[in-house]
Each structure stands twice: as C-alpha cells, then as structure tokens.
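# An overview of the molecular structure
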Amino acid sequence: MGYPMSTQLSIPVQQGAQTLLPSRPKKVLRCKNDSRKPLYFHNTMKILSIDGGAPLIPYIFLNELEKRTGKSIPELFQLVVTVSTGAFPAFFFTHPSLRSSLSEVQQLQILRASFANRNAFKNEVEKNFSTYRLRDVGTDLVVACYDAMSRDEFLFQSRIAKKRSGFDYTVNQVLKASCAKPSVLDPFKLKRTDGTESLLLDGGVLGSNPANIASREARSVYAEDNPVIVSVGTGSVARDTSMVNLEIKDPQSLMLFTQAASGTVGSFGPPEFTALGATTDVTLSIFPNSKFRFDTELTSHGKSFWYTDDIFEMQKKAARALIEQQSVRLDELCKSLVSG
C-alpha cells in the first residue's frame, strides 16, 4: 500500500499507465515568513540518494561520512531516497532500532550473508528484519520499486507509514520488494488493507540511480525548488550516456525528457541504459546546490548481485578507493552538511 507518484508527475513505463492508489497528500507545513520551505528546514533541504547495485560501497561510504561529520545520517539529511539493494544501507543508517541492536560488524555479516544466494537472501531478510517497521526510521525514507500490475512506479514512504498504519510495512517486506530483481528473485506480492494487490519488482527496472526521484519528491512533497542532493553510487560500468548530453536547462524539461526516455524501457531485464539512470547527471546539473555525486568504477563482475568472497573484497576495495580519491570533496561535503 505504498503511494505511487501522482499522475501529473509520473514517469510511465508505457503510454497510459494507470495507478491503482490515490495521489499523495499535497498539504505541507510552512514557515510563517517563508512560503516555500516546510517548517522544519533550517536552510536548504538536504537529500541523500543511494544507488542500487553494490550495497557494500554506499555502506562503507556512509560510515565514513558519519565519522567525518560526527553526525548520523538522519541528522544530516531530511530525506533519503533509494532503490534496489540500496535499501540495505538505507535502513542500516536510518533505522534507530537496527543501529542499536546490531554492531557494524554484525551489519556487514548480514549484508554478506544476505547476498550469498537465493535461499540465503530469503532466510537472512526474514530472520533479521521482520520485527522492524518502516514508520520507525529516523528521517523521511523513500524506497522505489516497480509494480508489474499497474505498470508504474511504487514508493514505500516512511512519512506516510507514520501517519497511516495501513501503509506501514515491516522492513523485511520492503527489502524483499526492493531487491526482487527479475530472473534472480521472485516478485514480491504485496497485499494491501483495501484488498488490492501489487506485484513488486526491483526498482532498478526503472533505473539504478534515484536522484531524479529525489528531486521530484523535493518539489512535489516538500515544496523545495533547489535541494542539496548527495548522490552515492555503487560502482559504474560502461553504458550509453549519449542522451545525457541533451541540452536540458530547467526542471520541466527534465520531467519531459524522463517521460520520453522511459519509453525505452521495454523489458524486465536490467538494461544498460534506462530513463532514470540516464538523467542522473542531468538532474544534478540543473540544480545549483546539487553538486555532490560520489561514485567509483567497478567491473561488471564486481557488480554481481550475489556475493562471493572475491566480489565482497572487490567492492570493499572500490569503496575505500572512492573515499581516498574523493577525500577533498568529501571534506567539502562534510563541512557543507554540518554548517548548513
């Protein structure tokens, strides 16, 4: 019973895609002296966008970010948006009960064990996350999936879960849906309190980078036109980026471009080039404050969905190399986050 995005701002997978659920509420609390920003924003809204792909890389990166700032992810960001396997580090860093009950070593062990194979994933997710709920995360969290029944985007949203119990799910349900990569894991059938169902797939079907979802949520839900978006990658491989070079100067053009590009998504397989993935650099370039993108290179073997010891070590080294190579920019980011 997550909220799909509103029809007006949807990024349809095919022409005329229909949503099965009502549009999100439009009401936003605002400051008396500021008609644009919600009440709890001090200056500019800060959003963390976590790619899907190799979850160990953002896990290590976010751990470093917290160490350098001396603050937790919920203290640094008003909104966290993720897709696919990025939901693992997202929950590890935003759910206070998970953080207090599991040490860093235990979290890494769970991450390694969960992606050992198909059966291990089901067992580990059920064993370690079934008692935790979406409503209890420490900041606003959005996990994007794809609904094969409505043929549209489906969002798990903690802000809705906090207000309406029918939209609150266990963390293991969200993880099963978010990581349901076609041909790897079974689609997740979500039964809602109104009797309807969704058949949810890995949101990577629509693109592994949710930066565009983050910018859209900032505008449509939080009335924030120019958020700071910190986008954390999971290791890039060679792909077609020719469409990224199109001249897109404003948010409206970005939305139209994304809607047009999404027509290229024609299968449930993980395409090398998809609408949301293609607009990553475009999204970050048209927002003046959104200048923080951290990613590293990783071979296609290193981005394998299932972990072996060598792949786990490969991703660990890639994360450390990213931190070392981008140390100056990371310090700049930390200073900006703490001071702003």
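Structure: above.
Everything in this summary refers to the structure shown in the same document. Keep in mind that this is a model prediction, so the values were computed, not measured. (Residues numbered from 1 in each chain as written. Predicted model: local features only at pLDDT ≥ 70, side-chain atom pairs only at ≥ 80, totals over all residues. Heavy atoms only, no water.)

### Focus: unusual backbone geometry
Positive phi values are uncommon outside glycine, yet S183 reaches one of about 75 degrees. Structurally, S183 can be placed in the loop between α8 (171–178) and β7 (188–191). One non-glycine residue, A223, adopts positive backbone phi at about 55 degrees. Tracing the sequence through the fold places A223 in the loop between α9 (211–220) and β9 (228–232). (Helix = DSSP H or I, 4+ residues; strand = E, 2+ residues; numbered from the N terminus.)

### Topic: the side chain of S49
Along the chain, S49 turns up in strand β3 (residues 46–50). Given the relative accessible area of 0%, S49 is considered buried. Ignoring sequence-local partners within four residues, the contact set of S49 consists of V81, N209, P210, A211, I229, V230, S231 and V232. (Buried < 20%, exposed > 50% of the residue type's maximum accessible area, 1.4 Å probe, protein only. Contact = heavy atoms within 4.5 Å.)

### A closer look at the environment of G203
Secondary-structure assignment places G203 in the loop between β8 (197–202) and α9. Exposure remark for G203: the relative accessible area of 4% places this residue in the buried category. Sequence separation between G203 and C179 is 24 residues; the distance between their C-alpha atoms is 7.7 Å. Once residues within four sequence positions are removed from consideration, G203 is found in contact with V83, S84, A144, C145, Y146 and S178.

### Observations regarding the nonpolar core
Soluble globular proteins tend to pack their nonpolar side chains together in the buried interior. Ranked by internal contacts, the top residues of the largest apolar core, which has 66 residues, are L65, F88, F91 and F156. Top element by residues in this core is helix α1 (residues 56–69). It accounts for seven residues. The next biggest cluster of nonpolar side chains, apart from the first, holds 14 residues, and it includes M45, I47, L79 and I213. (Core = buried A, V, L, I, M, F, W, Y, C linked by side-chain atoms within 4.5 Å.)

### Overview of α1
Between its terminal C-alpha atoms α1 stretches 20 Å, which fits the 20 Å expected from 14 residues at 1.5 Å a residue. In terms of burial, α1 is largely enclosed, as 11 of its 14 residues are buried. Looking at α1, one finds that the buried residues are L56, I57, P58, Y59, I60, F61, L62, N63, L65, E66 and T69. Looking at the residues trailing α1, positive phi occurs at G70, about 75 degrees. (Expected span 1.5 Å × (residues − 1).)

### Some remarks on α8
Among the eight residues that make up α8, six are buried, leaving the element largely enclosed by the rest of the structure. Three or more residues of α8 are buried, namely V171, N172, V174, L175, A177 and S178.

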